Amino acid sequence: MCATAEQSERKVKPMSDITNILIVGVGGQGTILASRVLSGAVQKIGQDVKVSEIHGMAQRGGSVVTQVRYGKEVASPIIPQGEADIILAFEKLEALRWLSYLKENGSILINDQRIDPMPVIMGAADYPADAIAAIRSLRKNVIVIDGLKIAIEAGNPKAVNVVLLGLLSKYLQIDKNVWLETLRETVPVKFLETNVKAFEAGWNS
Amino acid sequence: MKKLLTGNEAIARGAWEAGAVVCSAYPGTPSTEIIENAAKYTEMYAEWSPNEKVALEVGAGSSIAGGRSLVAMKHVGVNVAADPLFTLSYTGVNGGLVLISADDPGMHSSQNEQDNRHFGRAAKIPVLEPSDSQEAKDFTKIAFDLSENFDTPVMQRITTRVAHSQSLVELSDRQEPVLKEYQKNALKYVMIPAYARRRHIDVESRLEKLQEYAETTPLNRIEWNQTKIGVITNGITYQYVKEVLKDASILKLGMTFPLPRKLITEFSKKVDKLYVIEELEPFIEDYIKSWKIEVYGKNIFPMIGEILPETILEKMGEQSKNKNSLPVQAEPALNTPVRPPVLCPGCPHRGLFYVLNKLKVTVAGDIGCYTLGSLAPLNAIDTTICMGASIGAAMGMEKARGKDFARNLVAVIGDSTFIHSGITGLINTVYNQATTTTIILDNRTTGMTGHQDNPATGMTVKGDPIKEVDLVLLAKAVGVNRVVVVDPFDLEKLESVIKEELRAEEPSVIITKRKCALIEKNKDTTPCVVLNESCTGCMRCMRLGCPCIVKEGKKVRINSTQCVGCELCIHVCNSGAIGKEGQTNV
Ligand code: SF4
Ligand code: SF4
């Protein structure tokens, strides 16, 4: 663990009393678990919270987005464009797609993974040549990690979502113990140990 | 204790707390989780009905017999259930009867975006619209009381954002269910013309009473603020308005039919400018205009798709002096290719559409995961209309263009959709002597909505095993002589069977039987790999539209983390360039 000063500097200081987090990815990547743990943790610190998920067709490898909003009192479950404090992106193209939702000074945390959508596979469209560079040109706070590599090192290639959750937790004012407690309540016992490891790995990344 | 619940979970909870005894539904996004959650309460009976009409009829019977009953469906499901609905308005209820209509503005997973408040008005029953999970639960309970107090079915209309958003809900205990006394009452429950004429009088006087109720019920309330702008709004839009128009006074309508004319008129008099912000149709607005009150609505806000918080900001921005500080951002056009949904890796439907595309057959399609067979590169579907429409549509095509056309024409329909409303179409092909080939895609589940059971899967919503509908016997029983079952992964056999059945000048049924890839547990998931030196770059395998097979230079590569090893590509490749990982020399 490095300097706590640096860490607290990274923490979000929301302008309004509501924190807006957008979790984006591709159907099947496990974004739902991430939002479930996040909303559970937020509840534990006594905040009002609303979560919006779009199901249906999205399950079949489509673009998925979950919105989590918390604070003293939350009305709308969805985040207006340009109002997200943090975007947690499980995939690069999705990071780019949803970027306009990020505040000017918001942070975007990106998993360095590429999943080609069907139009790209078919050759009808091109995968953006350098999505990350494009994002960097538009926003200051861009953090990129190789979630899969970190998850494999932590002993479970399937736990990329929990690695990313660990990364996200660094940017929120929620005690680490609260995260671990929520994780314990959310994931099945037999996967708990590898998931805690994955979370720690994300936290330390 | 407060719990984070989706609107759908909250409705199930509300029914339970209200002492409901019977819950029924046919799955459909965004309503599916209501009954899935209702089924978890052991005190309530819950079922997947074969379709929405049956679901509502079960609810009707249970209500007449004295029990509180919850029936849930997506918006287009109400079209199917409309027949019992309109007459149930006449019979009224005994135990409370609540119908949940889950509308889908923006069509996240639907074939249209009809506004079912029109159904409420047409059937002359009250319509409630909750705006978050707490209200979804509370309104469900109120709806049961309303239903019994006014002797009417009650529609609770939710939208995708209410159904699938989670918010904190205060839980209560279950109120002991009281079965109301059952008495034979033909005047009320037998709708022959003589009795129905009398009941229609009751319906009209009930509507008047409901109108009075609408004026005073706490379901409709005014939140006073500055009076420059007054907004009348309903459902999820209320939450957006509250968030982005902090200075506006709001008349929140929890009951949108019948409307409180006096309350609305009073409100309109006290504000400088009156707006109605409602998704889809100008339902509230049209009434207000008919009362000669000046109002801004669909002249500013879209009639198509969802109204989002930023839409409200943008549209009101120019109108409002109290312009909210939130910027509506215009990013430079980011070049992001769309990511449409695709059939899953290992999906049993893929082989079928590959063959249909290859044979250049006209395909009348239906509603389910297999609708995705219409997208490139499979491009295999010609029509998609509504649940069960494929067989009738194929028949109509044949009747219009003649038997020869039917030699190159199939209807494709899933197992669940076939039970829902395909069987009647099949009976018609026999009865009216069509020669169509119907392909039933039996993947042993209702896939699209997230894998619900149905009468053909051998399992109830509570997880109890039952005798399943035998699709072969069923097809034979209605008079189809030619019924073949084939494994859709056996591409050669599948192709020859389809060709043979197309030739036959009589109705025939092909059942492609294989479990949905997401529920199949006993399979070898060793991924496949491409032998680079054997791959000729012919791109045949690309025609499968499997998301795991990607172009790399002039050849292809298989994404091994996604591939489930279904081996379909092995069979499609002419050059023997694809094999199972570990069993090939790469
Ligand atoms: S859920 Fe099942 S049926 Fe639907 S696309 Fe996936 S594999 Fe196919
Ligand atoms: S790559 Fe081949 S084996 Fe793997 S899922 Fe796709 S079609 Fe099946």
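Source: prediction; values computed, not measured.

(A) Inspection of the side chain of Arg 13 of chain B at higher detail. All names here are of chain B. Take Arg 13: it is sitting in helix H1 (residues 7–17). With relative accessibility at 14%, the residue Arg 13 sits in the buried group. When neighbours within four sequence positions are excluded, Arg 13 is seen to be in contact with Tyr 41, Lys 137, Leu 171 and Ser 172.

(B) Structural context of the site of ligand 1. Every residue lining ligand 1 is accounted for by Arg 60 of chain A together with Leu 343, Cys 344, Cys 347, His 349, Cys 369, Asn 443, His 451, Cys 516, Ala 517 and Leu 518 of chain B. Two or more chains meet at ligand 1, and those chains are chains A and B.

(C) Up close: the sheet that holds strand S12 (residues 255–257) of chain B. All names here are of chain B. Taken in spatial order, the seven strands make up an open sheet running S3-S2-S4-S5-S7-S6-S12, and their pairing is mixed. Strands with a single pairing partner mark the edges of an open sheet, and in this sheet they are strand S3 (45–48) and S12. Contacting strand S2 (22–25), S3, strand S4 (69–74) and strand S5 (97–103), helix H3 (residues 52–64) runs over the sheet at an angle of about 165 degrees to S4.

(D) Representation of the site of ligand 2 within the structure. Taken together, 13 residues surround ligand 2, and among them Cys 546, Cys 563, Cys 566, Glu 567 and Cys 569 of chain B come closest. Residue composition of the shell around ligand 2, by class: ten nonpolar, two polar and one charged.

(E) Examining the sheet that holds strand S1 (residues 19–26) of chain A more closely. Spatially, eight strands are ordered S6(A)-S5(A)-S4(A)-S1(A)-S3(A)-S2(A)-S8(B)-S1(B) in an open sheet, and the strand pairing comes out mixed. The outermost strands of the open sheet, each flanked by one partner alone, are strand S6 (141–145) of chain A together with strand S1 (2–6) of chain B. Strand after strand, the sheet turns through a mean of 20 degrees between neighbouring axes, direction not considered. Direction of pairing for strand S4 (residues 84–89) of chain A relative to strand S5 (residues 102–111) of chain A: parallel, over a ladder of five bridges.

(F) Layout of the pattern of salt bridges. By the definition in use, this model includes 42 salt bridges over all chains. Between Lys 176 of chain A and Glu 200 of chain A there is a salt bridge whose closest N-O contact spans 2.9 Å. Of this pair, Lys 176 of chain A sits in helix H8 (residues 176–186) while Glu 200 of chain A sits in helix H9 (residues 189–204), and the two are 24 residues apart along the sequence. For Glu 200 of chain A, a relative accessible area of 25% puts it in the partly exposed group. Where salt bridges share partners, they join Asp 103, Asp 115, Arg 117, Glu 129, Arg 157 and Glu 278 of chain B into one cluster.

(G) Expanded view of the packing of helix H2 (residues 31–44) of chain A against helix H7 (residues 160–169) of chain A. Residues and elements named next belong to chain A. As a packed pair, H2 and H7 sit with axes 9 Å apart at the nearest point and diverge in direction by 40 degrees. Like other packed secondary-structure pairs, H2 and H7 cross with a definite hand, here right-handed. The residues of H7 that touch H2, namely those facing Leu 33, Ala 34, Val 37 and Leu 38, are Asn 161, Val 162, Leu 165 and Leu 168. Residue composition of the contact of H2 with H7, grouped by class: seven nonpolar, one polar and no charged.

(H) Geometry of the interface of chain B and chain A. With 55 residues of chain B at the interface, the matching set in chain A holds 55 residues. Of the roughly 4,500 Å² buried where chain B meets chain A, counting both sides, 60% is carbon and sulfur surface. Between the two partners, chain B and chain A, sit five salt bridges. Applying the counting rule to chain B against chain A returns ten residue pairs in polar contact (both at pLDDT 80 or more). Listing elements by their share of the side of chain B that touches chain A, those giving two or more residues are S1, helix H7 (160–164), strand S8 (165–170), helix H10 (235–244), helix H13 (309–317) and strand S20 (549–552) of chain B. Counting residues per element, the side of chain B that touches chain A draws most heavily on H10 of chain B, which supplies five residues. Residue classes in the side of chain B that touches chain A are distributed as 27 nonpolar, 17 polar and eleven charged. The sheet contact formed by strand S2 (residues 48–53) of chain A and S8 of chain B spans three bridges and is antiparallel. Considered in S8 of chain B, the bridge of Ser 52 of chain A is made with Ser 165 of chain B.

About the criteria used
- Residues numbered from 1 in each chain as written.
- Chains lettered and ligands numbered in written order.
- Predicted model: local features only at pLDDT ≥ 70, side-chain atom pairs only at ≥ 80, totals over all residues.
- Heavy atoms only, no water.
- Helix = DSSP H or I, 4+ residues; strand = E, 2+ residues; numbered from the N terminus.
- Buried < 20%, exposed > 50% of the residue type's maximum accessible area, 1.4 Å probe, protein only.
- Contact = heavy atoms within 4.5 Å.
- Near = heavy atom within 4 Å.
- Pairing = 2+ DSSP bridges.
- Axes fitted to C-alpha atoms, helices over the stretch in contact; angles between N-to-C directions.
- Nonpolar A, V, L, I, M, F, W, Y, C, P; charged D, E, K, R; others polar.
- Salt bridge = Lys/Arg side-chain N within 4 Å of Asp/Glu carboxyl O.
- Left-handed = near helix turned anticlockwise from the far one by under 90°.
- Buried area = accessible area lost by both parts, 1.4 Å probe.
- Polar contact = N/O pair within 3.5 Å; in protein donor to acceptor, adjacent residues only side chain to side chain.

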